[in-house]
Amino acid sequence: MGYYNSNDKKTGKRGYFASSFTGLVAGALLVGVILPGVTDAEPEAAVGATTTESVSGVQTTSTVVTSDVTEIVEQTNDAVVGVSNLQMAQQNPFSAPTATDSEAQEAGAGSGVIYKKDGDTAYIVTNNHVVEGAEDVMVTLSDGTELDAEVLGTDVWTDLAVLKVPSKSIETVAEFGDSSVLKAGEPVIAIGNPLGLQFSGSVTTGVISGTERLIPIDVNQDGTEDWQSEVLQTDAAINPGNSGGALINAKGQLIGINSMKIAQAAVEGIGLAIPINTAIPIIADLETEGAVERPSMGVAILDLAEVPAQYRTGQLGLPAEVEGGIVVQSVVEGSGAATAGMEAYDVIVELDGKPVKSILELRQYLYNETEVGDTLEVKAYRGGELMSFELELTESM
């Protein structure tokens, strides 16, 4: 699943411009570089070492200017790494074998964020699609050090993955922030590796453009929407290769994992990131269990919209006013649904008193509102009669 993640120079909320004059060159006044800040504090650019020298009789002044952006990047940049997806290359059966045919080649590259260091091990969060299909994964630190990584777990629904690497070469770890308090217009910094490792550690700035955006996801690439992912929207440039990188707030805290971009020719400045509050419990499950525990009813299902009209009133016996629902194709033996007495061709229309008209709505309710072990009240039509079932949710397999 590929996502593409773009660049406008933006100012932060209550940001400021710090400018400096840089001396005389042949009688002309040169205006210093303008740097945007990303802080709620008063503007305060730090001027570093200033040197003056004469080149060919022309006096020049060199001034090092720092800002809140440069300080935050300096503190956090080493926590962002490159992640290379290594796969065996497809061999041409008619070509002569080479020495590299038996070696995994880079099939793609993205970014990752070091979020934890525990003894001899460091842990990295990235996107599922960055490591999907990998036979080996290589992590490249900001200083160019390459480390073999182990994939501890992946989750296709949230597009997250957790890796582990030896911690000997690692010193900087990202600090988690709180994405629930973010507001539109709040300044942010994106750090990652757009277009591959040759642009590693690229920094872009912008603002939070929106929170709690719902983006449709086609997990199995069959053209049908399987999930709606809640994301942060930012205008900080996020390009291919930035996936898995860090979205940082004005305090230098990690508040999002860059993941997707609306890749349309007419769209500019719409980057998307997974809110860190959403990511934290997923990261914890992937690190410790290798997978995310999600509740299951124990049924194979089909959208009623995919059933031709003649079968709805005929084989399913549905009343004409029922326009949406989920058809039970089969029931897993020993599951909560089986114990509750549900059968194939039951048509689910309600969960815990809330109407559901599609698999997407059913899945969103199960995954967001319930947990393994909960008792779920299900209403479903069977042969034209509306029936109620109480079933215990089990862990999905």
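Coordinates for the structure precede this section.
Read on for an overview of the structure. Residues take numbers from 1 onward in each chain, read along the sequence in its written order. In keeping with the model being predicted, local features are shown solely for residues with a pLDDT of at least 70 and side-chain atom pairs are shown and tallied solely at 80 or more, while totals for entire chains, interfaces and linings include all residues. Side-chain measures here rest on the full set of heavy atoms in the structure, leaving out hydrogens and waters.

**Looking at the sheet that holds strand 10 (residues 136-140)**
Applicable threshold: For two strands to count as paired, DSSP must find a minimum of two bridges between them. Helix and strand labels come from DSSP, where a helix needs a run of H or I of at least four residues and a strand needs a run of E of at least two; each type is numbered from the N terminus. Lines fitted to C-alpha atoms define the axes, with helix axes restricted to the stretch in contact, and inter-axis angles between N-to-C directions lie between 0 and 180 degrees. Should any heavy atoms of two residues lie within 4.5 Å, those residues are considered in contact.
Within the closed barrel, the 6 strands sit side by side as 7-8-9-12-11-10. Their pairing is antiparallel. Averaged over all adjacent pairs, the angle separating strand axes in this sheet is 40°, with direction ignored. Bridging between strand 11 (residues 146-155) and strand 12 (residues 160-166) involves 5 bridges; their strand directions are antiparallel. If you follow T154 over to strand 12, its bridge partner there is A161. Relative to the sheet, helix 3 (residues 276-289) contacts strand 8 (104-118), strand 9 (121-126), strand 11 and strand 12, its axis offset from that of strand 12 by approximately 55°.

**A word on the packing of aromatic side chains**
Heads up, the condition is: In summary, the pairing rule links any two rings of Phe, Tyr or Trp, Trp by its six-membered ring, whose centres are within 6.5 Å, and it sorts them by plane angle into stacked for under 30 degrees, edge-to-face for over 60 and tilted for everything else. For every residue, the accessible area obtained with a 1.4 Å probe (protein chains only) is divided by the maximum for its type, and the residue is called buried under 20%, exposed over 50%, and partly exposed between those limits. A positively charged side chain is recorded as over a ring if its NZ (Lys) or CZ (Arg) lies within 6 Å of the ring centre. The angle to the ring normal must also be within 35 degrees.
Going through the model one piece at a time under the given rule, you end up with 5 aromatic pairs. An angle of 20° between the planes, with centres 6.0 Å apart, marks the rings of Y115 and F176 as stacked. Taken together, the positions of Y115 in strand 8 and F176 in the loop between strand 12 and strand 13 (187-192) put the pair 61 residues apart, joining distant regions of the chain. Residue classification places Y115 among the buried positions, given a relative accessible area of 9%. Among the aromatic side chains, those forming a connected cluster through ring pairs are Y115, Y123 and F176. For the cation-ring pair, K116 lies above Y123, with the distance from its terminal atom to the ring centre recorded as 5.2 Å.

**Concerning the pattern of salt bridges**
Note the threshold: Here a salt bridge means any side-chain nitrogen of Lys or Arg lying within 4 Å of a carboxyl oxygen belonging to Asp or Glu.
For the structure shown, the criterion picks out 6 salt bridges. Of the charged contacts, one joins K164 and E150 as a salt bridge, the two residues approaching to 3.8 Å between their closest N and O atoms. Here K164, found in strand 12, pairs with E150, found in strand 11; they are 14 residues apart in sequence, far enough to count as distant. Residues participating in the shared-partner salt-bridge network are E343, D346 and R382.

**A closer look at a negative patch on the surface**
What counts is decided by this rule: A patch is a set of surface residues, each over 30% in relative accessible area and not in a salt bridge, joined within 9 Å for like charges and within 5 Å for the nonpolar side chains Val, Leu, Ile, Met, Phe, Trp and Tyr. Reported accessibility uses the Shrake-Rupley method at a 1.4 Å probe radius. Residues are deemed covered only where the shown protein chains occlude them. Counting rule for charge: Lys and Arg are taken as positive, Asp and Glu as negative, and neither His nor the chain ends is counted. Just so you know, the charge point we use is NZ for Lys, CZ for Arg, CG for Asp and CD for Glu.
Taken together, the side chains of E289, E293, E371, D374, E392 and E395 make up a negatively charged region of the molecular surface. For D374, the position within the fold is in the loop between helix 6 (359-369) and strand 24 (375-382).

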